[in-house]
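Coordinate analysis (summary)
Here is what each chain is made of, one letter per residue.
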Amino acid sequence: MKKYGVPFIFFFISLQCLHAQKVLTGKLLDVDTGQPVDYANIGIVDQAKGTVSAEDGTFDLQLEDSAINESNIIQFSRIGYETLRFTTKVLYDRLQENPNINLKEALFELEGVTLNVKNAEKNRVGYISNDKDNFAFWNDSLALGGEHASKIRIKDAPLKLEDMSFNVIASISDSILVRVNIYEIGQGGLPGKNISNHNILHTVTTRRGRVTIDLSPYNIVVNDHFIASLELLKIYGGKVGILISSFNDGYRSYSRLISQDRWKRIRKGTTIAFSLNTSQLEGDQFNAVVASQNKLREKPERITLLWDTSYSMKDKNLEKELAFLDHYLEYLNTMEIELQLFGYTLTQEQFTIENGNWESLKKRLQEIQYDGANQGKTLHALNPGKHALLFTDGIGFPDSIDETWASTIFTVNSQPDAHHSLLKSIAEGSEANYINLDKISDTHLAVEYTQKHIVDNLEYASPRSNVNPLREIKGKVTDFDDPIPYVNVKVRETGRSTNTDIDGNFIIFAKDGDILEFTSPGRESAESVVNANTSRLNITMPIGVKVLDEVVLEEYRNTKSIKGADPSKTDISTNFGAIDLERTGFAVRQIQQDQIGYGALDITEAIKGKFPGVQVYGSGTNAVVMLRVGSRFPAAWEVDGILYKSENPPVHISLQNIKSITVMPGSWAAARYGLIARGGIIMIRTISQSFATESSGKVSKWDAMRSQDMYGNDAVLLVKTQGNQPKYIQWISGAATLSEAYELYLEQRKLYGHLPHFYADVHTFILEEWGSLELATKILSNLEEVFPEDISTLRLLAFQLEENGAFEEAHSIYAKIHNLEPTQAQSQRDLAHSFVTLGKIKEGWSLYRKYLLSTSGELDEDGIDKTIRNEALALANHHSSEIALDLPFDSIQDEMNDMDILVEWNNPNTEFELQFVGPTGHYFTWKHTKADNPSLLSDEIFKGYSSNSFQINNLDQGEWLLNVKYMGNQSNTPSFLKTTIKNNLNGTETIKVLRLQQKNVNFQFLKLTSDKISNFK
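To start, this report covers the structure provided alongside it. Each chain has its residues counted from 1, following the order in which its sequence is written. Local features in this predicted model are restricted to residues whose pLDDT is 70 or higher, and side-chain atom pairs enter the listing and the counts only when it is 80 or higher, whereas totals over whole chains, interfaces and linings include all residues. Heavy atoms from the whole structure form the basis of all side-chain values; hydrogens and water molecules are not counted.

**Considering the overall build of the chain**
Put simply, the test is: Segments assigned H or I by DSSP are reported as helices when at least four residues long, segments assigned E as strands when at least two residues long, and all are numbered from the N terminus. A simple rule labels every residue: compare its accessible area, found with a 1.4 Å probe on the protein chains alone, to the largest value its type can have, and call it buried under 20%, exposed over 50%, or partly exposed in between. Here a residue-residue contact requires only that any non-hydrogen atoms of the pair lie within 4.5 Å. For accessible areas, the Shrake-Rupley method is used with a probe of radius 1.4 Å. Any residue's cover is judged against the shown protein chains and nothing else.
Of the regular secondary structure elements, the chain holds 21 helices and 56 strands. The burial tally for the chain puts 51% of its 1017 residues in the buried class. Long-range contacts, defined here as pairs at least 24 residues apart, represent 66% of the contacts in the chain between residues at least 6 apart. Total accessible area computed for the chain in this model is approximately 46,900 Å², and 47% of it derives from carbon and sulfur atoms.

**Regarding helix α18 (residues 825–837)**
Test applied: Each residue after the first adds 1.5 Å to the expected span of a helix.
The first and last C-alpha atoms of α18 sit 18 Å apart over 13 residues, in line with the 18 Å expected at 1.5 Å per residue. In terms of burial, α18 is a largely internal element, eleven of the 13 residues being buried. Looking at α18, one finds that the buried residues are A825, Q826, S827, Q828, R829, D830, L831, A832, H833, S834 and F835. Once α18 ends, the next one or two residues include G839, with phi positive near 85°.

**Comments concerning unusual backbone geometry**
Phi is positive for N355, which is not a glycine, with a value near 55°. For N355, the position within the fold is in the loop between β27 (346–353) and α4 (359–366). In this structure N355 comes out as exposed when scored by relative accessible area, which is 64%. Positive phi outside glycine occurs at N1000, with the angle close to 60°. Secondary-structure assignment places N1000 in the loop between β54 (988–996) and β55 (1002–1008). Accessibility expressed as a relative area gives 28% for N1000, which makes it partly exposed.

**Observations concerning the side chain of S229**
Spelled out, the test is: Polar contacts, as counted here, are pairs of nitrogen or oxygen atoms within 3.5 Å of one another; within protein the pair requires one atom able to donate a hydrogen and one able to accept it, and residues that are adjacent in sequence qualify only if both atoms are side-chain atoms.
Relative to the elements of secondary structure, S229 occurs in strand β19 (residues 226–236). For S229, the side chain forms a polar contact with the side chain of E147, separated by 2.5 Å. Dropping the residues within four chain positions of it, S229 is found in contact with E147, H148, A149, M164, R179, V180, N181, Y183 and F274.

**A closer look at the pattern of salt bridges**
The test is simple: We define a salt bridge as a contact between a side-chain nitrogen of Lys or Arg and a carboxyl oxygen of Asp or Glu at a distance within 4 Å.
Within this structure, the stated rule accounts for 31 salt bridges. The shortest N-O distance in the salt bridge between R492 and E527 comes to 2.4 Å. Here R492 is found in the loop between β32 (488–491) and β33 (497–499), whereas its partner E527 is found in strand β36 (residues 526–529), with 35 residues between them in sequence. Residue class for E527 comes out partly exposed when judged on its relative accessible area of 22%.

**Digging into the sheet that holds strand β43 (residues 636–639)**
Convention followed: What makes two strands pair is DSSP finding at least two bridges between them. For helices, the fitted axis covers only the stretch in contact; all axes are lines through C-alpha atoms, and the angles between them, taken along N-to-C directions, range from 0 to 180 degrees.
Ordered in space as β40-β45-β46-β43-β44, the five strands form an open sheet in which the pairing is mixed. The sheet terminates laterally at β40 (589–592) and β44 (642–644), the two strands that pair on one side only. Across the sheet, the mean angle separating the axes of adjacent strands is 15° when strand polarity is ignored. The pairing of strand β45 (residues 658–664) with strand β46 (residues 681–686) spans six bridges and is antiparallel. Within β46, the position partnered with I661 by the bridge is I684.

**Focus on the sheet that holds strand β53 (residues 975–983)**
Sheet architecture is open: four strands sit in the order β51-β48-β53-β54, paired in antiparallel fashion. Each edge of the open sheet carries a strand with a single partner, namely β51 (947–952) and β54. This sheet shows a mean twist of 15° between the axes of neighbouring strands, independent of strand direction. By the bridge criterion, six bridges tie strand β48 (residues 899–905) to β51 in an arrangement that is antiparallel. Among the inter-strand pairings, D900 is bridged to a residue of β51, identified as Q951. Along the sheet, helix α16 (residues 791–803) contacts β48, β53 and β54; its crossing angle with β54, the most-contacted strand, is approximately 135°.

**Thoughts on the packing of helix α13 (residues 756–770) against helix α14 (residues 773–780)**
If you want to describe how two helices pack, look at the angle between their axes and the distance between the axes. What counts, and what does not: Just so you know how the angles are binned, under 35 degrees is roughly parallel, over 145 roughly antiparallel, 65 to 115 roughly perpendicular, and the rest oblique. Here the term charged refers only to Asp, Glu, Lys and Arg, the term nonpolar to Ala, Val, Leu, Ile, Met, Phe, Trp, Tyr, Cys and Pro, and the term polar to all other amino acids, Gly among them.
Direction vectors running N to C along α13 and α14 enclose 180°, while the axes themselves pass 8 Å from each other. Considered as vectors, α13 and α14 are oriented roughly antiparallel to each other. Listed contacts from α14 to Y759, A760, V762, H763, I766 and L767 of α13 are L773, L775, A776, T777, I779 and L780. Among the residues making up the contact of α13 with α14, the classes are represented as ten nonpolar, two polar and no charged.

**With respect to the packing of aromatic side chains**
The cut-off we apply is this: Each Phe, Tyr or Trp ring, with Trp reduced to its six-membered ring, pairs with another whose centre is within 6.5 Å; inter-plane angles below 30 degrees give stacked pairs, above 60 give edge-to-face pairs, and intermediate values give tilted ones. For a ring to carry a charge above it, either NZ of a lysine or CZ of an arginine must fall within 6 Å of the ring centroid while also lying within 35 degrees of the normal to the ring plane.
Under the defined criterion, the tally for this structure stands at 20 aromatic pairs. Here W905 and F912 contribute two aromatic rings whose centre-to-centre distance is 5.0 Å and whose plane-to-plane angle is 70°, an arrangement assigned as edge-to-face. Taking the relative accessible area as the measure of exposure, W905 reaches 0% and is therefore buried. Among the aromatic side chains, those forming a connected cluster through ring pairs are Y311, Y728, Y742, Y745, Y752, F758 and Y759. Directly above the ring of Y331 sits K299, whose terminal nitrogen or CZ lies 4.6 Å from the centroid.

**Considerations on the nonpolar core**
For the record, the criterion: Residues belong to one nonpolar core when they are buried, are Ala, Val, Leu, Ile, Met, Phe, Trp, Tyr or Cys, and are joined through side-chain atoms within 4.5 Å.
Counting 77 residues, the largest nonpolar core has Y745, V762, I901, L914, F916, L977 and L1008 as its most contacted members. Setting aside chain neighbours within four positions, we find F916 in contact with I901, H922, Y923, F924, F950, I952, W960, L961 and L962. Counting 42 residues, the second-largest nonpolar core is a separate cluster that includes L159, V204, I213 and F247.

**Here we look at the packing of helix α19 (residues 841–854) against helix α20 (residues 863–878)**
Selection rule: What makes a crossing left-handed is the near helix being turned counterclockwise from the far one by less than a right angle; a clockwise turn instead makes it right-handed.
Axis separation between α19 and α20 bottoms out at 10 Å; the angle between their running directions is 135°. Between α19 and α20, the angle is such that the two are oblique. By crossing handedness, the relation of α19 to α20 is classed as left-handed. Seen from α19, the contacting residues are I841, W845, Y848, Y851 and L852; seen from α20, they are I864, D865, I868, E871, A872 and L875. Class assignment for the residues of the contact of α19 with α20 results in nine nonpolar, no polar and two charged.

**Here's the deal with a nonpolar patch on the surface**
Put simply, the rule is: Nonpolar side chains (Val, Leu, Ile, Met, Phe, Trp, Tyr) within 5 Å and like charges within 9 Å form the patches, drawn only from residues with over 30% relative accessible area and no salt bridge.
On the surface, L470, I507 and F509 cluster together into a nonpolar patch covering about 270 Å² of accessible area. Positionally, I507 belongs in strand β34 (residues 505–510).

**Focus: the side chain of Q800**
With respect to the secondary-structure elements, Q800 resides in helix α16. Residue classification places Q800 among the buried positions, given a relative accessible area of 2%. Leaving out residues up to four positions away in the same chain, Q800 has contacts with A760, H763, T764, L780, F976 and V993.

**Considerations on the pairing of strand β4 (residues 41–44)**
Regular strands have side chains that alternate between both faces of the sheet. What you see with β4 is no split at all: N41 and G43 on one side and I42 and I44 on the other are buried throughout. Bridge count between β4 and strand β5 (residues 50–52): three bridges; the pairing is antiparallel. Bridging from a neighbouring strand, G43 pairs with G50 of β5. Pairing geometry for β4 and strand β7 (residues 73–78), over four bridges, is antiparallel. Each bridged residue has a counterpart across the sheet, and for I42 the counterpart in β7 is F76.

**Focus: α13**
Along its 15 residues, α13 runs 21 Å from first to last C-alpha, staying within 8% of the 21 Å computed at 1.5 Å per residue. The buried fraction of α13 amounts to eleven of the 15 residues, a majority that puts the element mostly inside the structure. Among the residues of α13, those classed as buried are P756, H757, F758, Y759, A760, D761, V762, H763, T764, F765 and I766. Within two residues after α13, G771 carries a phi angle of roughly 65°, on the positive side.

**Details of the pairing of β54**
Examined bridge by bridge, β53 and β54 share nine bridges and lie antiparallel to one another. What sits directly across from T980, in β54, is I991. Between the end of β53 and the start of β54, which pair antiparallel, lie four residues, with G987 showing a positive phi angle near 75°.

Any link to function would need more than the numbers given here.
Laid out in structure tokens, this is it:
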């Protein structure tokens, strides 16, 4: 063992104005050589007051903090010299007697190892990051002696440290001098003893990029996890400001602001990215260190095999897992095994292994079909026994799954995309190992992890680090007929944007949940929420109009009349507002009463030659009108708000009664009337049926049209036939038995398993055709495994579960959605209502209350605010004894309607119409389209909700009908509509889910009476 003498330190210090200025100045010298001692740490112990000595040994230590007193400790330390510690009073007294302080010789020992690393295995330990958003930094010239450190885990030991590197994001300093320190892990996991034994200095001159510091000359050997740090010693150029990359994971970094300060952990989730190259030492040195780790475990007499059968396991490397079991069971030789197959359900089977022969068990494992999601109740029912092997990827596992397990559990996984950190935690928490077969190619080596006490120091990133990545979104923007070039496409609240090309096509990268905004001068803007169904979008942007007065039709009562067309003002009244013909930005053609030739036979003949480019083919009821040359679609008609199809012109109208005729282009008309008007529309205003309220104010146009607003029994019955079913349902419907249907589903899953509606459709088919709720729900549960963070898909799953009466399972989905989007109004309401449904009144009220308080009492009268207000009122009135009522509801009674209807849709881009037909045949249409209700759709996106509520009274007068017309969701995939009908007359609640795909057809959905709700058949 070699010993080195360390000289005395000789230093001169003056204690200036101990109580006034509180500044210590001095100079540190080597007692033998008389040379200055540079870059020594000087400071008040455990307080943010310190500095380092300069190259000439001088220093200034400012002690302006009034809390510093004479009893505090001043410490001088530097690698290679003995540490000095004095109280302020003792130091002051000593300096009064003699400014020279003689230090005893310090000794340190260097382990007598021969570092033969020529052919040693090279390993990189630590962390690499070039992240620009997460960083550690120095930005204060008073921070001399300040350090940033990270815990470094190692797998094999001993290791020689070869170099240390980090990434500089940016630096405003000309250069800075830093010191590398290597510490043992001390008390509380903080940096302990400095084991560097050398003054390792490096000048950082890089303004941006990777910096590497050579450590190989210093023979630093580590036998266990350690802490590496950078210490700021000197600033060149007067400015200090340097950012070092870190990453948002773990809890493995520490800092101290200034020399001799107390070490503190950096905020949770931040790890400074120090990376070190190492060399593994050879021969007996290595064996001596790891021998204690290789102690053999006792062979178990019985094991439990926990085998995950959920859908996410279908792509695992079964061959490799079976090879591992081959060697493992050969090693165990003879034993009893309990096989627990878990996923959507849990089953248990017993096997006996003799002389390593496990063929019957292997065959059973090879037969397994991986389908369905892990259920919470299934996972909590697992019983690992005393010794277990858990084969899983950890997807869908709660973090607390192993809290009650008193077992030795080896976790085994063969997939790269797994919850690695959880699997490692489960194993190490039971004194076992995580066996990651995706990283271990040698299955014999993998078995050693079950035989010996091996320390696995491999770190794993968060499993959600890339769950919701940017992906390519394609689409096309049109005005129904023609593509629109140069439309700006932007991802809201990001810098990502692009423009459509000459053909209206665009490509942009976005994440699920992002909102795409489409804008173009002279066009109505559009928005689209990205979800799992979003791969190709079809966006329509009609020409914008100047709306002078908006009509709001709310049921039969709340109406606002519109002024009629006034030629002197060059505007025209429509169902969508008054349009200023001079400021529309597109060609609007109009003729007045005095320009109409009364000699014509009917309206189709009257418009011939009146509008440039308009062609009339045929006559009378057979007439077809094309508004422009080359148009593929004929124009529709609209007379005083009544719509007529292109093939049914209003030839019955008296020409003498016409006040004006206006021709509107297809891009505007289709946006408001739907595809029926994609060829444009001819709008006729008559004298006797003007939109204007009469000057006497007696009757509005809406009241006058009540008799015309009669349901014509024109809604279509939604019939499922072989021809209109998806191809995969057509295949599965050919099965003769339920088991055969399931096999056909598994085959079709290979082709359509990437589509959310595939699982929903098969679920509905199995339920309706075979009546198997268990199998149908198992298939449906795959939505949670395949689309774990897609809100639209998770809402679809919750809808179907609620329709099936599985409210506990639906609650877990709503809780998951709330965890993903805690600030969205819909997620707050859904979880609150789900709590109440399960009888957890206090938990539900807490969420309702939180939302109500966040609005400061300013609730909208419609939308999600109306729903939350009504549901909160119901709780306040009916469960006041169970909740701490601190909102002003005690004097408010909620209005009791005969029937409350809540309509929800899973895809926020869904556009549709609801037609409510009363017992007298009169109907009210609620339009959820951007053309008809732009402010509502904007509010939905802003607050994050996809629902609306309606009320029906006078149920005793007869039957009500609810019809639905679907307009699309900007993609070619279906949307799903959930309707919750609460009958307040008999206290029942019914949930119905409707699949929406066929567009622009008014479908019959529900019949509503005072005693029942039923589907049309």
